[in-house]
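# Fold and geometry: a report
Each chain is listed here by its residues.
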Amino acid sequence: MTTFDKREEAFEKQFAHDEELKFKATARRNKLLGLWAAEKLGLKGAEADSYALSVVMTEFEEPSEHAVAHKIRRDFDAKGVSQSDHQIGRTMAELMAKAVTDIKTGR
(Lines give C-alpha, C1' and ligand atoms only; values in the text may rest on other atoms or scores of the structure.)
Protein backbone atom coordinates (compact mmCIF):
# COMPACT_ATOMS: atom_id res chain seq x y z
CA MET A 1 0.00 0.00 0.00
CA THR A 2 1.43 3.36 -1.01
CA THR A 3 1.49 6.48 1.10
CA PHE A 4 -1.21 7.90 -1.13
CA ASP A 5 -3.41 4.85 -0.51
CA LYS A 6 -2.89 5.17 3.23
CA ARG A 7 -3.83 8.85 3.13
CA GLU A 8 -6.90 8.10 1.07
CA GLU A 9 -7.97 5.40 3.53
CA ALA A 10 -7.43 7.76 6.46
CA PHE A 11 -9.53 10.47 4.79
CA GLU A 12 -12.30 7.95 4.08
CA LYS A 13 -12.31 6.79 7.70
CA GLN A 14 -12.41 10.40 8.93
CA PHE A 15 -15.27 11.19 6.56
CA ALA A 16 -17.25 8.16 7.76
CA HIS A 17 -16.61 9.13 11.38
CA ASP A 18 -17.70 12.73 10.74
CA GLU A 19 -20.88 11.60 8.98
CA GLU A 20 -21.73 9.25 11.86
CA LEU A 21 -21.21 12.08 14.34
CA LYS A 22 -23.37 14.40 12.25
CA PHE A 23 -26.15 11.78 12.05
CA LYS A 24 -26.10 11.11 15.79
CA ALA A 25 -25.96 14.82 16.65
CA THR A 26 -28.85 15.65 14.33
CA ALA A 27 -31.02 12.88 15.76
CA ARG A 28 -30.19 13.95 19.32
CA ARG A 29 -30.82 17.61 18.48
CA ASN A 30 -34.20 16.72 16.99
CA LYS A 31 -35.17 14.74 20.08
CA LEU A 32 -34.18 17.64 22.34
CA LEU A 33 -36.00 20.05 20.04
CA GLY A 34 -39.07 17.85 20.13
CA LEU A 35 -39.03 17.83 23.92
CA TRP A 36 -38.61 21.63 23.95
CA ALA A 37 -41.53 22.05 21.55
CA ALA A 38 -43.63 19.53 23.49
CA GLU A 39 -43.19 21.62 26.62
CA LYS A 40 -44.33 24.73 24.72
CA LEU A 41 -47.32 22.74 23.44
CA GLY A 42 -48.23 21.68 26.98
CA LEU A 43 -47.41 18.01 26.46
CA LYS A 44 -46.01 15.94 29.30
CA GLY A 45 -44.76 12.42 29.92
CA ALA A 46 -45.49 9.86 27.24
CA GLU A 47 -47.18 12.46 25.03
CA ALA A 48 -44.02 14.60 25.10
CA ASP A 49 -41.83 11.58 24.31
CA SER A 50 -44.13 10.57 21.46
CA TYR A 51 -44.05 14.10 20.06
CA ALA A 52 -40.24 14.21 20.29
CA LEU A 53 -40.07 10.93 18.37
CA SER A 54 -42.33 12.39 15.68
CA VAL A 55 -39.90 15.30 15.32
CA VAL A 56 -36.98 12.86 14.95
CA MET A 57 -38.92 10.87 12.35
CA THR A 58 -39.63 14.02 10.34
CA GLU A 59 -35.92 14.21 9.51
CA PHE A 60 -36.03 10.62 8.17
CA GLU A 61 -39.17 11.18 6.12
CA GLU A 62 -37.86 14.40 4.56
CA PRO A 63 -34.13 14.84 5.24
CA SER A 64 -33.99 18.57 5.79
CA GLU A 65 -33.59 20.91 8.74
CA HIS A 66 -36.34 22.96 7.17
CA ALA A 67 -38.78 20.04 7.40
CA VAL A 68 -38.21 19.80 11.16
CA ALA A 69 -38.59 23.57 11.64
CA HIS A 70 -41.74 23.60 9.47
CA LYS A 71 -43.29 20.75 11.48
CA ILE A 72 -42.76 22.64 14.70
CA ARG A 73 -44.00 25.89 13.13
CA ARG A 74 -47.21 24.15 11.94
CA ASP A 75 -47.76 22.52 15.34
CA PHE A 76 -47.17 25.80 17.18
CA ASP A 77 -49.56 27.62 14.84
CA ALA A 78 -52.22 24.93 15.30
CA LYS A 79 -52.03 25.27 19.10
CA GLY A 80 -51.57 29.05 19.17
CA VAL A 81 -48.04 28.89 20.62
CA SER A 82 -46.27 32.21 20.14
CA GLN A 83 -42.71 31.45 19.03
CA SER A 84 -41.04 33.15 16.08
CA ASP A 85 -39.26 31.30 13.30
CA HIS A 86 -36.10 33.01 14.55
CA GLN A 87 -36.61 31.53 18.03
CA ILE A 88 -37.17 28.06 16.61
CA GLY A 89 -34.01 28.38 14.51
CA ARG A 90 -32.00 29.73 17.44
CA THR A 91 -33.17 26.87 19.64
CA MET A 92 -32.24 24.39 16.91
CA ALA A 93 -28.72 25.86 16.76
CA GLU A 94 -28.32 25.84 20.55
CA LEU A 95 -29.53 22.26 20.82
CA MET A 96 -27.23 21.13 17.99
CA ALA A 97 -24.27 22.53 19.93
CA LYS A 98 -25.48 20.69 23.05
CA ALA A 99 -26.00 17.46 21.10
CA VAL A 100 -22.49 17.57 19.65
CA THR A 101 -21.00 18.25 23.09
CA ASP A 102 -23.03 15.43 24.63
CA ILE A 103 -21.89 12.95 22.00
CA LYS A 104 -18.25 13.98 22.20
CA THR A 105 -18.31 13.62 26.00
CA GLY A 106 -20.20 10.33 25.89
CA ARG A 107 -23.42 11.49 27.51
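What follows deals with the overall build of the protein. Assigned secondary structure in the protein consists of 4 helices and 0 strands. For the protein, the N- to C-terminal ordering of α and β elements is α-α-α-α. Principal axes of the C-alpha set define a box for the protein whose edges measure 60 × 25 × 20 Å. Put simply, of all contacts in the protein between residues at least 6 apart along the chain, 59% involve residues at least 24 apart. A total accessible area of about 7,300 Å² is found for the protein, and carbon and sulfur atoms account for 56% of it. One way to put it: in the protein the 18 positive side-chain charges average out to a point 6 Å from where the 19 negative ones average out.

Let us look at the packing of helix H2 (residues 45–61) against helix H3 (residues 65–79). To characterise two packed helices, one gives the angle between the axes of the helices and the distance between these axes. Relative to each other, H2 and H3 sit at 145°, their axes nearing to 8 Å. Note that H2 runs across H3; the crossing there is right-handed. Across from Tyr 51, Ser 54, Val 55, Thr 58 and Glu 59 in H2, the residues of H3 making contact are Glu 65, Ala 67, Val 68, Lys 71, Ile 72 and Asp 75. Among the residues forming the contact of H2 with H3, the class breakdown is 5 nonpolar, 2 polar and 4 charged.

Structurally, the position occupied by Tyr 51 is in helix H2. The spacing of Tyr 51 and Asp 75 is 24 residues in sequence and 10 Å in space, taken between C-alpha atoms. For Tyr 51, the contacting residues outside a window of four places in its chain are Gly 34, Ala 37, Ala 38, Leu 41, Leu 43, Lys 71, Ile 72 and Asp 75. There is a polar contact of 2.7 Å between the side chain of Tyr 51 and the side chain of Asp 75.

Calculation criteria
Along each chain, residue indices are assigned from 1 in the same order as the chain's sequence is written. With the structure being a predicted model, the display of local features is reserved for residues of pLDDT at least 70 and the display and counting of side-chain atom pairs for 80 or more, all residues being used for whole-chain, interface and lining totals. No hydrogens and no water enter the side-chain calculation; it runs on all heavy atoms of the structure. Secondary structure follows DSSP: runs of H or I at least 4 residues long count as helices, runs of E at least 2 residues long count as strands, and numbering of each begins at the N terminus. Between two residues, a contact is recorded if the distance between any of their heavy atoms is within 4.5 Å. Calculation of accessible area relied on Shrake-Rupley with a 1.4 Å probe; when residues are assessed, cover is drawn exclusively from the protein chains displayed. Neither His nor the chain ends is counted toward charge; the positive residues are Lys and Arg and the negative residues Asp and Glu. In this description, the location of a charge corresponds to atom NZ of lysine, CZ of arginine, CG of aspartate or CD of glutamate. Where helices are involved, their axes are fitted lines through C-alpha atoms of the stretch in contact, as for all axes, and angles between N-to-C directions lie from 0 to 180°. Note on convention: the crossing is left-handed when the near helix lies turned anticlockwise from the far helix by less than a right angle, right-handed when the turn is clockwise. The residue classification treats Ala, Val, Leu, Ile, Met, Phe, Trp, Tyr, Cys and Pro as nonpolar and Asp, Glu, Lys and Arg as charged. All others, Gly included, are polar. Whenever a nitrogen or oxygen atom comes within 3.5 Å of another N or O atom, the pair is scored as a polar contact, on the condition that within protein one atom can donate a hydrogen and the other can accept it, and that pairs from neighbouring residues in sequence are kept only if both atoms are in side chains.

The analysis is restricted to geometry; functional conclusions fall outside its scope.
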